[in-house]
Amino acid sequence: MSRDKGESVNVEKLHVAVLAFPFGTHAGPLLNLARRIAVDAHKVTFSFLCTSRTNAALFSGSKDYDEFLPNIKHYDVHDGLPEGYVPSGHPLEPIFIFIKAMPDNYKSVMVKAVAETGKNITCLVTDAFYWFGADLAKEMHAKWVPLWTAGPHSLLTHVFTDLIREKIGSKEVDDTKTVDFLPGFPELHVSDFPEGVIGDIDGPFSTMLHKMGLELPRATAVAINSFSTVHPLIENELNSQFKLLLNVGPFILTTPQRMVSDEHGCLAWLNQCEKFSVVYISFGSRIVPPPHELNALAECLEECGCPFIWVFKGNPEETLPNGFTERTKTKGKFVAWAPQMEILKHSAVGMCLTHSGWNSVLDCIVGGVPMVSRPFFGDQRLNARMLESIWGIGVGVDNGVLTKESTMKALNLIMSTEEGKIMREKILKLKESALKAVERNGTSANNFDTLIKIVTS
Ligand SMILES: *[C@@H]1O[C@H](CO)[C@@H](O)[C@H](O)[C@H]1NC(C)=O
Ligand SMILES: *[C@@H]1O[C@H](CO)[C@@H](O)[C@H](O)[C@H]1NC(C)=O
């Protein structure tokens, strides 16, 4: 494309190395962003670097897609695990080992990619976690564009980690303390901070996040899966910390999603439910709440009698109270996997019970569905606080634990009070601004054009 007619850069010489974090839901969004850029910057060469296991998952079944993008090639980086590695059982161990292997595992593969393509790397597009991008880009005389896949407010807490530790101490976990010195965060509690900001600050993950916060201001631009009206105060603050902040989301609206099959017939089932009557329940792809909370939730659903779709890991008949699935079989649907976005867009859905991970929050905004949050870790507590105190589009449960009473109270608030109605109106406004942002000449669309310019000049 001829976006840079006036400049003399030979785009065919440009080479973008994309460095993906292979754990959680990080690599997929980065690959999707790289693909979007590669469609526009079709003369630029892209090398996508991730572990063999994650690459295999990402690129399987996408042959048709990648035939149209011959300018992206993927490379495997070493996962750092020693020969004959026997897992210790600690779920985070492979991540810690991987962090230790960085950045050398990436560097050696970049050398290979440069040799194969005959093109020096001119831009690094990385997961925002990769603090070493700043030095690496400087060494290579390249640009650095990190992508933060979560929300702007959690990013701000990582950028301000030193200030936070200075003001409240690094080990403070007294929840009665409120935090009043961060811009754009009224009613923040100490316990809302994501891991890595305070508490256990010496682990590999915390150290990575800390260094990230310190290095991101050196990036050419920081891209984020958000849209600019989501939180102007925090956006302004990030803007003043970074050279350039580019809201290029929500990705759920900008990126063609892989079709999720509706094998359980959720959408047909929703068609026969009344408007705003259904409770949709999902705690994301990894979290299973403790048994007593699952039981409490089941009791609450049975008492309120509202129809529900529950994305359930495991066998509900074995886990939930005796006879519950039988008694609720006309009212409720248990599914192992669901087309979440399509469900949330359905007018029958009145509420979503969520762990409030950032992607789920964006899905609910785009679906226009108010939330009850039961956060667990990472940025989830912070998101939950924002839903309630900044946007007024959701509510938590008392003490952050699902009991029959606390869940009932939150559910009633959203489903049958004036306050709940106002939440729905507010979230529909946010939805409108999200849709506007990705339209032609919308802020996210224009920011994406800026990103293309950075990569192609
Ligand atoms: C790549 O960079 C090296 C060192 O800066 C330089 O010597 C070489 O000519 C460059 N190669 C190309 C193909 O531009
Ligand atoms: C794009 O949006 C800006 C600001 O909202 C407006 O001033 C401008 O006229 C718009 N341009 C086009 C081509 O629509």
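What this report covers is the structure whose coordinates are included nearby. Just so you know, these numbers come straight off a predicted model, no measurement behind them.

**With respect to the sheet that holds strand 15 (residues 394-396)**
Right, so step 1: Across the sheet, six strands lie side by side as 12-11-10-13-14-15; this open sheet has parallel pairing. Across the chains shown, the open sheet's two edge strands, defined by having one partner strand only, are strand 12 (332-335) and strand 15. Ignoring which end each strand starts from, the neighbouring axes of this sheet average 15 degrees apart.
Right, so step 2: Judged from the five bridges that link them, strand 10 (residues 278-282) and strand 13 (residues 349-354) form a sheet pairing that is parallel. Bridge pairing in strand 13 links Ser282 to Thr354.

**Concerning the packing of helix 1 (residues 27-40) against helix 21 (residues 443-456)**
Right, so step 1: Two numbers describe how helix 1 lies on helix 21: the axes approach to 10 Å, and their chain directions differ by 70 degrees. On the basis of their axis angle, the class for helix 1 and helix 21 is roughly perpendicular. Residues Leu33, Arg36, Ile37 and Asp40 of helix 1 pack against Phe448, Leu451, Ile452 and Val455 of helix 21.

**Considerations on the pairing of strand 2 (residues 45-51)**
Right, so step 1: A large share of strand 2 lies buried, amounting to seven of its seven residues.
Right, so step 2: Here strand 1 (residues 15-19) pairs with strand 2 via five bridges, running parallel. Bridge pairing links Val18 to Phe48 in strand 2.
Right, so step 3: Chirality of the crossover, the property in question, places the unit of strand 1, helix 1 and strand 2 among those that are right-handed.
Right, so step 4: Pairing between strand 2 and strand 3 (residues 72-77): six bridges, direction parallel. Paired with Cys50 across the strands is Asp76, a residue of strand 3.

**Some details on the state of the cysteines**
Two cysteines whose sulfur atoms are joined by a covalent bond form what is called a disulfide.
Right, so step 1: Within this structure, the stated rule accounts for one disulfide.
Right, so step 2: Here Cys304 pairs with Cys306 through a disulfide, and the sulfurs are 2.1 Å apart. Measuring handedness by torsion sign, the sulfur bridge of Cys304 and Cys306 sits at about -70 degrees and is left-handed.
Right, so step 3: On the basis of relative accessibility, which here comes to 11%, the residue Cys306 falls in the buried class.
Right, so step 4: Cys266 carries a free sulfur, and the closest cysteine sulfur to it, the one in Cys273, is 10 Å from it.
Right, so step 5: Residue Cys352 stays outside any disulfide, its sulfur separated by 3.6 Å from that of Cys364, the closest cysteine.

**Digging into the side chain of Ser277**
Right, so step 1: Its place among the elements puts Ser277 in the loop between helix 12 (266-271) and strand 10.
Right, so step 2: Here Ser277 is in contact with Cys306, Pro307, Ala348, Gly350 and Met415, once residues within four sequence places are set aside.

**Observations concerning the environment of Ser444**
Right, so step 1: Structurally, Ser444 can be placed in helix 21.
Right, so step 2: In this structure Ser444 comes out as buried when scored by relative accessible area, which is 3%.
Right, so step 3: It is 16 Å that separates the C-alpha atoms of Ser444 and Ile365, two residues lying 79 residues apart in sequence.
Right, so step 4: Ser444 has contacts with Ser226, Phe227, Asn247, Val248, Gly249, Ala437 and Val438, leaving out every residue within four places of it along the chain.

**Description of the sheet that holds strand 1**
Right, so step 1: If you walk across this open sheet you meet the seven strands as 3-2-1-4-5-8-9, and the pairing is parallel. Two strands in the sheet have a free side with no partner beyond their single neighbour: strand 3 and strand 9 (245-247). This sheet shows a mean twist of 20 degrees between the axes of neighbouring strands, independent of strand direction.
Right, so step 2: Across five bridges, the pairing between strand 4 (residues 123-127) and strand 5 (residues 143-148) is parallel. Its bridge partner being in strand 5, Asp127 is matched across the sheet by Leu147.
Right, so step 3: Contacting strand 1, strand 2, strand 3, strand 4 and strand 5, helix 1 runs over the sheet at an angle of about 170 degrees to strand 2.
Right, so step 4: Those strands touched by helix 2 (residues 52-59) are strand 2 and strand 3, and its axis lies near 120 degrees from that of strand 2.

Cut-offs used in this document
Residues numbered from 1 in each chain as written. Chains lettered and ligands numbered in written order. Predicted model: local features only at pLDDT ≥ 70, side-chain atom pairs only at ≥ 80, totals over all residues. Heavy atoms only, no water. Pairing = 2+ DSSP bridges. Helix = DSSP H or I, 4+ residues; strand = E, 2+ residues; numbered from the N terminus. Axes fitted to C-alpha atoms, helices over the stretch in contact; angles between N-to-C directions. Parallel < 35°, antiparallel > 145°, perpendicular 65-115°, else oblique. Contact = heavy atoms within 4.5 Å. Buried < 20%, exposed > 50% of the residue type's maximum accessible area, 1.4 Å probe, protein only. Right-handed = clockwise from strand over helix to strand, strands pointing away. Disulfide = S-S within 2.5 Å.

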